[in-house]
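Report on the structure
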Amino acid sequence: MARFLRELLKGVLSDRELSLVVASFDIIGDIAIVKLPDELLPKKHLIGRALIDELKQVRTVLRQVSGFSGEFRTRELEYLAGEKKFEVLYKERGCEFHVDLAATYFSPRLGHERSRIADLVEPGETVVNLFGGVGTFAMLIAKKQPNCRVYTIDLNPRAHQLAIENTFRNKVADRVVPVYGDSREIARKYLAGTADRVLMPLPDRAKEFVETAVTAIKQRGGIIHYYTLIRTVRGKDPLALAAKELSNRLKVPHHVEMAKVVTEAGPRVLEVVQDVRLLGR
Ligand SMILES: C[S@@+](CC[C@H](N)C(=O)[O-])C[C@H]1O[C@@H](n2cnc3c(N)ncnc32)[C@H](O)[C@@H]1O
């Protein structure tokens, strides 16, 4: 990606400046989000304009000012060029999401993982996504599996509002239930013992919610998709480290059916998912 970006910016930047272009960029619908090193900030609008000219599908260029942070996992974005907007329609596997990139979490990089989960859901399942965002997992699951019910919970009012809109946009309102609030409270008060499957896509804090996931799962057992961040340590298997973190928290009998690295979340930090079957309680 960095090489592609350098190719695009030849003629706009000097050779020295081109050598500074290290970061990749995301394209979400018709918006491109670039990360730039400080040395290139004086050229940021020029770079934005060049990307609009070169990438025909791109109408807006934004700069990522900060990584995902805070309770809502949002990132600070700066407008650089093209149409001034932060909202976009994004298509993925037959679904369309209205996303507010400034006010909600969204990453196109998790598409494979969303598809993998959607393919696992069986007819008649009740799925609870403790951290639903704008409803990405929920839409994919409900489109793939018409005979299911998905509760998609989020604490961010804007994400919740868009999850409702996306539910109607994708014609899955008969089986997707967007819920606004803290998943701990929602699971305890309204969803205890209801889920065949619980999704926990909040990797930096999932360990704080293990009990919540267990609360939501049916008495006879079910599956938890546990996402976590693992700092790589030389000579240690990241999947073993992830399994240890989970078994320290999960005090009911369980079996890890699958574990894998989902993505590189930062320098020497991996996002790992474990599909964990609870063996009843
Ligand atoms: C990493 S994002 C994942 C969103 C979505 N699953 C996706 O992949 O696009 C985590 C989401 O959890 C929400 N969140 C954080 N803490 C929460 C809590 N205690 N209860 C419910 N949602 C929460 C954030 O607002 C954010 O939308």
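As the structure is a prediction and not an experimental result, all values here were calculated from the model.

Of all residues adjacent to the ligand, which total 21 residues, the nearest are Phe131, Thr136, Asp154, Asp182 and Ser183. Phe131 places a main-chain nitrogen or oxygen 2.8 Å from a nitrogen atom of the ligand. Within the side chain of Asp154, one N or O atom sits 2.7 Å away from an oxygen atom of the ligand. Bound to the protein, the ligand loses 98% of the 600 Å² it would expose on its own. Counting only domains with at least three residues in the shell around the ligand, you end up with domain 1 (2-85) and domain 2 (107-278).

Of note in this structure, Arg73 is not a glycine but carries a positive phi near 50 degrees. With respect to the helices, strands and loops of the structure, Arg73 is situated in the loop between β3 (60-64) and β4 (77-82). Taking relative accessible area as the criterion, Arg73 reaches 22% and is therefore assigned partly exposed. In this structure, Arg268 is a non-glycine residue whose phi angle is positive, near 60 degrees. Following the sequence through the fold, Arg268 ends up in the loop between β12 (254-266) and β13 (269-278). Taking relative accessible area as the criterion, Arg268 reaches 62% and is therefore assigned exposed.

By domain assignment, the chain separates into domain 1 (2-85) and domain 2 (107-278). Contact residues are listed per partner, giving 8 residues for domain 1 and 8 residues for domain 2. The contact between domain 1 and domain 2 buries some 700 Å² in all, and 55% of this surface belongs to carbon and sulfur atoms. Here domain 1 is connected to domain 2 by 2 salt bridges. Residue Arg109 is joined to Asp26 by a salt bridge in which the shortest nitrogen-to-oxygen separation is 2.9 Å.

Turning to the sheet that holds strand β8 (residues 148-154), a few remarks are in order. The 7 strands lie next to each other as β9-β8-β7-β10-β11-β13-β12, forming an open sheet whose pairing is mixed. What marks the edges here is a single partner per strand, and that holds for β9 (176-180) and β12. Here the strands of the sheet are splayed against their neighbours by 20 degrees on average, with no regard to which way each runs. Here 3 bridges tie strand β7 (residues 125-129) to strand β10 (residues 197-200), and the two strands are oriented parallel to one another. Pairing of Asn129 across the sheet is with Leu199, part of β10. Contacts from helix α6 (residues 157-169) reach β8 and β9 within the one sheet, and its direction differs from that of β9 by about 165 degrees.

On to the environment of Glu245, then. By secondary structure assignment, the location of Glu245 is in helix α9 (residues 238-249). Judged by relative accessible area, Glu245 falls into the buried class, the value being 15%. Between the alpha carbons of Glu245 and Lys207 there is a distance of 7.9 Å; along the sequence they are 38 residues apart. Discounting residues that sit within four places of it in the chain, Glu245 has contacts with Lys207, Tyr226, Thr228, Leu229 and Ile230.

This next bit is on helix α7 (residues 183-190). Looking at α7, one finds that the buried residues are Ser183, Ile186 and Ala187. Viewed along the axis of α7, the buried residues span an arc of 95 degrees, placing them on a single side of the element. Capping of α7 at its N-terminal end is provided by Asp182; its side-chain oxygen lies 2.9 Å from the backbone amide nitrogen of Arg184.

Quick look at the nonpolar core now. Within the largest apolar cluster, 32 residues are counted, with the highest numbers of intra-cluster contacts made by Phe97, Val99, Leu101 and Ile141. At the level of secondary structure, the elements contributing two or more residues to this core comprise β2 (31-34), β5 (87-92), β6 (95-100), α4 (111-120), α5 (136-144), β8 and α6. Residue contributions to this core peak at 6 residues, all from α5. No fewer than three residues from each of domain 1 (2-85) and domain 2 (107-278) sit in this core. Among residues more than four places away in sequence, those in contact with Val99 are Phe86, Glu87, Val88, Tyr90, Thr104, Phe106, Val134 and Leu162. Counting residues in each nonpolar core, the second largest holds 27 residues, with Leu130, Ile186, Phe209 and Leu250 among its members.

On to the pairing of β10, then. Going residue by residue along β10, you find Arg197 and Leu199 tucked away on one face and Val198 and Met200 tucked away on the opposite face as well. Where β10 and strand β11 (residues 222-231) come together, 4 bridges link them in parallel fashion. When the sheet's bridge partners are listed, Arg197 is paired in β11 with Ile223. Handedness of the crossover is the feature at issue here: the chain leaves β10, passes through helix α8 (residues 210-216), returns alongside β11, and the resulting connection is right-handed.

How each quantity is defined
Residues numbered from 1 in each chain as written. Predicted model: local features only at pLDDT ≥ 70, side-chain atom pairs only at ≥ 80, totals over all residues. Heavy atoms only, no water. Near = heavy atom within 4 Å. Polar contact = N/O pair within 3.5 Å; in protein donor to acceptor, adjacent residues only side chain to side chain. Areas by Shrake-Rupley, 256 points an atom, 1.4 Å probe, with all protein chains shown as cover. Domains from an automatic or database assignment. Helix = DSSP H or I, 4+ residues; strand = E, 2+ residues; numbered from the N terminus. Buried < 20%, exposed > 50% of the residue type's maximum accessible area, 1.4 Å probe, protein only. Contact = heavy atoms within 4.5 Å. Buried area = accessible area lost by both parts, 1.4 Å probe. Salt bridge = Lys/Arg side-chain N within 4 Å of Asp/Glu carboxyl O. Pairing = 2+ DSSP bridges. Axes fitted to C-alpha atoms, helices over the stretch in contact; angles between N-to-C directions. Arc of directions from axis to C-beta. Core = buried A, V, L, I, M, F, W, Y, C linked by side-chain atoms within 4.5 Å. Right-handed = clockwise from strand over helix to strand, strands pointing away.

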